[in-house]
Amino acid sequence: QVQLVESGGGLVQAGGSLRLSCAASGRTFSNYPMGWFRQAPGLEREFVGNIASSGSSTYYGDSVKGRFTISRDNAKKTVYLQMNNLKPEDTAVYYCAASRSPLLLGREAYQYNYWGQGTQVTVSS
């Protein structure tokens, strides 16, 4: 079992930056590919990006490519989402998620088994 807790959300002006953290419990964090998703009111959950269990590979959704960066520190059992050049359309609740499939870097929510509670990011124009 893995428990995930996101932090770092808040209110920021357009063009600004935020770094989200996702702290995990459990001894096997380093085995899990991790993903970030977001959900705005009235919209479906959207894939933001993911990172392989080793951190060797990352993939991003088209809307954030070039602005967001995912990293992880397996010793600290934490994954990060660095968000730069934020736009009002980035406003959403951001969730981190862990997959029990060590070789799968999924882009769909159903491919992840454990989820955090989410953290709100609001970007003002």
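Residues numbered from 1 in each chain as written. Predicted model: local features only at pLDDT ≥ 70, side-chain atom pairs only at ≥ 80, totals over all residues. Heavy atoms only, no water.

### Section: the environment of Ser56
With respect to the helices and strands, the residue Ser56 is situated in the loop between strand S5 (46-51) and strand S6 (58-60). On the accessibility criterion, Ser56 (59% relative accessible area) is exposed. Along the chain, Ser56 and Gly66 lie ten residues apart, while their C-alpha atoms are 17 Å from each other. Engagement of the side chain of Ser56 in a polar contact is seen with the side chain of Ser54, the distance being 2.8 Å. (Helix = DSSP H or I, 4+ residues; strand = E, 2+ residues; numbered from the N terminus. Buried < 20%, exposed > 50% of the residue type's maximum accessible area, 1.4 Å probe, protein only. Polar contact = N/O pair within 3.5 Å; in protein donor to acceptor, adjacent residues only side chain to side chain.)

### Considerations on the pairing of S5
Looking along a regular strand, one sees the side chains alternate between the two faces of the sheet. Counting buried positions over the six residues of S5 gives five, a clear majority of the element. Here strand S4 (residues 34-39) pairs with S5 via five bridges, running antiparallel. In the sheet register, Arg38 faces S5, and the bridge partner there is Glu46. A loop of six residues connects S4 with S5, the two strands running antiparallel in sequence, and Gly42 in this loop sits at a positive phi of about 80°. When S5 meets S6, the two strands line up antiparallel, connected through three bridges. For Gly49, the partnering residue across the bridge sits in S6 and is Tyr60. Linking S5 back to S6 in an antiparallel pair, the connection comprises six residues, with Gly55 at a positive phi of about 85°. (Pairing = 2+ DSSP bridges.)

### Looking at the nonpolar core
Where a protein is soluble and globular, its nonpolar side chains tend to be buried together. With 29 residues, the main nonpolar core has Leu4, Met34, Trp36, Leu81, Met83 and Tyr94 as its most contacted residues. Elements with a contribution of two residues or more to this core: strand S3 (18-24), S4, S5, strand S7 (68-73), strand S8 (78-83), strand S9 (92-98) and strand S11 (119-124). Excluding anything up to four places from it in sequence, Met34 contacts Leu4, Cys22, Phe29, Gly49, Asn50, Ile51, Arg72, Val79, Ala97, Ala98 and Tyr112. (Core = buried A, V, L, I, M, F, W, Y, C linked by side-chain atoms within 4.5 Å. Contact = heavy atoms within 4.5 Å.)

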